[in-house]
Amino acid sequence: MLRKKMVLIMVYVLIVSTMMLTACSSQQEVKSSEGEVTNEVTNEVTNKEELILAIGSEPDDGFDPINGWGRYGSPLFHSTLLTRDGNFNIVYDLATEYEVSDDGLVWTVYLRDDVKFSDGEDLTAEDIVYTFNTTAASGSVVDLNIMEKVEVVGEYTVVFTLKQPQSTFIHTLATTGIVPKHAHDDNYAENPIGSGPFKFVQWDQGQQLIVEVNPMYYGEKPGFKKLTFLFLGEDGAFAAARAGQVDLAAIPASFAKQEVSGMKLVNIESVDNRGILFPYVPAGGTTEEGFAVGNDVTADRAIRQAINIGLDRNALVDGILEGFGTPAYSVSDGMPWWNADTVVEDGNIEKAKEILADGGWEDINGDGILQKGDLKAEFTMIYPASDQIRQSLAIVTADMMKPLGIHAILEGKSWDDIQKMMYSNAVLFGWGSYDPLEMYNLYSSETAGQGWYNTGFYGTPTVDAYMEQALRATSEEEAITYWKKAQWDGTTGFSAKGDAPWAWLVNLDHLYLVSENLDIGTPKIQPHGHGWPLTDNIIEWQWKE
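Since we're looking at a predicted model, the values are computed, not measured. Per chain, the residues get numbers from 1 upward, laid out in the order the sequence is written. Per-residue local features are limited, in this predicted model, to residues with pLDDT of at least 70; the limit for side-chain atom pairs, both in listing and counting, is 80 or more; totals at the level of whole chains, interfaces and linings are taken over all residues. The side-chain numbers reported here are obtained from all heavy atoms of the structure, hydrogens and water having been left aside.

Caption draft 1: Expanded view of the overall build of the protein. The helix and strand tally for the protein stands at 13 helices and 25 strands. For this measure, only C-alpha atoms enter the radius of gyration; the expected value for a globule follows 2.2 Å times N^0.38, where N is the number of residues. Its C-alpha atoms give the protein a radius of gyration of 25 Å, near enough to 24 Å, the size a compact globule of 545 residues would have. A separation threshold of at least 6 residues defines the contact pool for the protein, and within that pool the share at least 24 residues apart is 68%. Note on areas: these come from Shrake-Rupley sampling with a 1.4 Å probe, and a residue is covered only by the protein chains present in the view. By element, 46% of the accessible surface of the protein is carried by carbon and sulfur atoms, the whole surface being about 22,600 Å². With 37 positive and 80 negative side-chain charges, the protein shows a separation of 4 Å between the mean positions of the two kinds. A run of DSSP states H or I qualifies as a helix once it reaches four residues; a run of E qualifies as a strand once it reaches two. Both are numbered from the N-terminal end. In what follows, residue pairs with any heavy atoms lying within 4.5 Å of each other are defined as contacts. Positive charges come from Lys and Arg alone, negative charges from Asp and Glu alone, with His and the N- and C-terminal ends not counted. Here the site of a charge means atom NZ of a Lys, CZ of an Arg, CG of an Asp or CD of a Glu.

Caption draft 2: Inspection of the side chain of threonine 397 at higher detail. The topology assignment puts threonine 397 in helix α9 (residues 388-401). Exposure classes here rest on a 1.4 Å probe applied to the protein chains alone. A residue is buried below 20% of its type maximum, exposed above 50%, and partly exposed in between. Classification of threonine 397 as buried rests on a relative accessible area of 0%. Any pair of N or O atoms that falls within 3.5 Å is considered a polar contact. Within protein, one atom must be able to donate a hydrogen and the other to accept it, and sequence-neighbouring residues count only if both atoms are side-chain atoms. Of note is the side chain of threonine 397, whose polar atom sits 2.7 Å from the backbone oxygen of leucine 393. Excluding anything up to four places from it in sequence, threonine 397 contacts Ile276, Leu311, Leu316, Met381 and Leu505.

Caption draft 3: Inspection of the domain arrangement of the protein at higher detail. Entries for the protein in the domain assignment read domain 1 (50-270 + 509-543) and domain 2 (273-508). Residue ranges assigned to the domains are those given by an automatic or database domain assignment. Averaged C-alpha coordinates put domain 1 and domain 2 at centres separated by 32 Å. Facing 32 residues of domain 1, the contacting portion of domain 2 comprises 29 residues. Approximately 2,400 Å² of surface area, both sides summed, lies buried where domain 1 meets domain 2, with 58% of it carried by carbon and sulfur atoms. Considering only the surface of domain 1 that becomes buried against domain 2, Ser167, Asp509 and His528 emerge as the three largest contributors, covering 23% of it. What makes a salt bridge here is a side-chain nitrogen of Lys or Arg within 4 Å of a carboxyl oxygen of Asp or Glu, nothing more. In this structure, the connection of domain 1 to domain 2 is made through two salt bridges. Across the pair glutamate 322 and lysine 257 runs a salt bridge, and its minimum N-O distance is 3.9 Å. Here the buried area means the combined drop in accessible surface, using a 1.4 Å probe, for two parts upon being joined, counting both sides.

Caption draft 4: A look at the sheet that holds strand β7 (residues 157-162). Spatial ordering of the open sheet is given by β4-β5-β7-β6, a layout of four strands whose pairing is antiparallel. Of all the strands in the sheet, just β4 (95-100) and β6 (147-154) have a single pairing partner and so form its edges. The mean inter-strand angle of the sheet, taken between neighbouring strand axes irrespective of direction, is 20 degrees. Docked against the sheet, helix α3 (residues 125-138) engages β5 (106-111), β6 and β7, running at close to 165 degrees with respect to β6. When DSSP locates at least two bridges between a pair of strands, those strands are taken to pair. Every axis corresponds to a line fitted to the C-alpha atoms, with the helix fit spanning only the stretch in contact, and the corresponding angles, defined between N-to-C directions, vary from 0 to 180 degrees.

Caption draft 5: Looking closely at the pattern of salt bridges. Tallying each qualifying case throughout the model produces 18 salt bridges. Residues glutamate 151 and lysine 149 are paired through a salt bridge, measuring 3.8 Å at the closest nitrogen-oxygen approach. Taking the relative accessible area as the measure of exposure, glutamate 151 reaches 34% and is therefore partly exposed.

Caption draft 6: Quick peek at the packing of helix α12 (residues 461-472) against helix α13 (residues 476-487). One way to put it is that α12 packs onto α13 with a least axis distance of 8 Å and a crossing angle of 165 degrees. Taken together, the axes of α12 and α13 lie roughly antiparallel to each other. At the point where α12 passes α13, the crossing takes the left-handed sense. Together, Val463, Tyr466, Met467, Gln469, Ala470 and Leu471 of α12 and Ala479, Tyr482, Trp483, Lys485 and Ala486 of α13 make up the contact between the two elements. The class makeup of the residues in the contact of α12 with α13 is nine nonpolar, one polar and one charged. An angle counts as roughly parallel when it lies under 35 degrees, as roughly antiparallel when it exceeds 145, as roughly perpendicular when it falls between 65 and 115, and as oblique in every other case. Here is the rule for handedness: rotate from the far helix to the near one, and if that takes an anticlockwise turn smaller than a right angle the crossing is left-handed, while a clockwise turn gives right-handed. Classification convention: Asp, Glu, Lys, Arg as charged; Ala, Val, Leu, Ile, Met, Phe, Trp, Tyr, Cys, Pro as nonpolar; all other residues, Gly among them, as polar.

Caption draft 7: Summary view of the sheet that holds strand β1 (residues 50-54). Sheet architecture is open: seven strands sit in the order β8-β9-β10-β1-β11-β23-β12, paired in mixed fashion. Single-partner strands in this sheet number two, and they are β8 (198-204) and β12 (263-268). Across this sheet, the average inter-strand angle for adjacent strands is 20 degrees, counted without regard to direction. Looking at chain direction, β8 and strand β9 (residues 208-213) are connected through six bridges and run antiparallel. Bridged to tryptophan 203 within β9 is leucine 209. Running over the sheet, helix α5 (residues 234-242) touches β1, β11 (248-251), β12 and β23 (510-515) and is turned about 140 degrees from β11.

Caption draft 8: Expanded view of the packing of aromatic side chains. Only the six-membered ring of Trp is used, alongside the rings of Phe and Tyr, when aromatic pairs are assigned; centres must lie within 6.5 Å, and planes under 30 degrees apart are stacked while those over 60 apart are edge-to-face, with the rest tilted. Counting across every chain of the model gives 29 aromatic pairs. A ring pair is formed by phenylalanine 160 and phenylalanine 169, whose centres lie 5.4 Å apart and whose planes are at 70 degrees; its orientation type is edge-to-face. Among the aromatic side chains, those forming a connected cluster through ring pairs are Phe63, Trp69, Phe77, Phe200, Trp203, Phe229, Phe231 and Trp532. Our definition puts a charge over a ring when NZ of Lys or CZ of Arg is within 6 Å of the ring centre and also within 35 degrees of the ring normal. Looking at lysine 524, its charged tip hangs above the ring of phenylalanine 88, at a distance of 5.8 Å from the centre.

Caption draft 9: The arrangement of the UniProt feature "domain: Solute-binding protein family" (unreviewed entry) in the protein in detail. UniProt positions are given in the numbering used here, feature names are shortened, and annotations may be inferred rather than shown by experiment. The residues that UniProt annotates with the feature "domain: Solute-binding protein family" (unreviewed entry) are residues 90-447. With 24% helix and 25% strand, the stretch residues 90-447 has end C-alpha atoms that lie 27 Å from each other.

In structure tokens form, the structure reads like this:
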């Protein structure tokens, strides 16, 4: 009860201060007494030209695309060369055309000649080259190691040269926001200038971001002149929605079945997944840092396949996500490069037991845990202790393994501890991206043991060959055929039907309470991370009386 009161007080204080700051920026008067402030908040919320949104947290590194801002699809301030439409087709944004050489190494991009930044300066090829060169040199999360160089060959033409062909470079062109060479400095992340549909007005760190429509924007104008983003936690966002003080709030599934007057629940499918990573190789190795690698139990394919077949994913969705999710069978369900043939008939205990028996596992001493010689079918499964959903998934999936004769020992850990243990223990991770390169990073032997990706040290020559063919393809269409074969080619692959180095569990729906008058169009399937990706289609948003 005390926690709820504190949340309400914090929300009230934040919204009051937000409205005071908003009012200051729009030359409006805000009274200081409690009743008068409440009336002012209500008046602001009902303004059809302005929205107040509580969609999640602020970016730690600010709003600079060089540091990764917008890479999940948040075009508020910035434009990109290309973009993806609602069906994930590549379409033009700043570009009017692009060409790829026959060897896949040279990408020529032709630009619009009518684009201005929000400060009135022209956007030219110089800004494209500056953005990509600066990003490549920054060492940020935006990986441009594949780029050899980028050059200006005309005022509105640039040429990228890659070190080797890479079809996923098109994703980089579709997600890297362009910054102005003339106005990019050390303070840019706190005061960005771009050429996107909105222009930056004010960022009060820890509280709010205010943006206004960019009159210089070359595309379709947004339906709202001003947006205020409040940085509230889940409890605070829900409290603000109940108080009628926001037009849209991101909420967890635990709040989704509570009625809120004047708001409708919008659940958006996502590829924001959760799954179990299995160490793929036997125990005995170590990383360069000295952390243990491998696990003798999970290195057995029968164990991994049986878990994949025996788990009941629909029960996980219903019991843990309150029905707000979908069963997950890969890291990229629903994406164009997903192979739908990888879906397995799960919840099949008898089939799972058959796989284990064929693999030589049996209950020798009658204790309910299978053995293969002296090896018992038990392993440690770790999850981040701070994540309630992953904890619940770990508990329930461990229960689902028991009838199979598999014993999962659960341990909740900090991310620092997980980083040391993830090479030799099963881990509940979460991924989900618009970039197929994520699939490569998770399953290629080239990335085994690198960072957070292929911590199970999975890799096979066949899968590696398919993914290399996908990367070296000169069109996304050609690449997709190889991405699908890497998952399952009818004989082998990294999906549950093949080597099964992961047991993917669920895709989380992203849930929002939305004003009954606000139409947010048709958002795409959302990537990993609740919040900012929702603004990807903000041009479509409309107010309906």
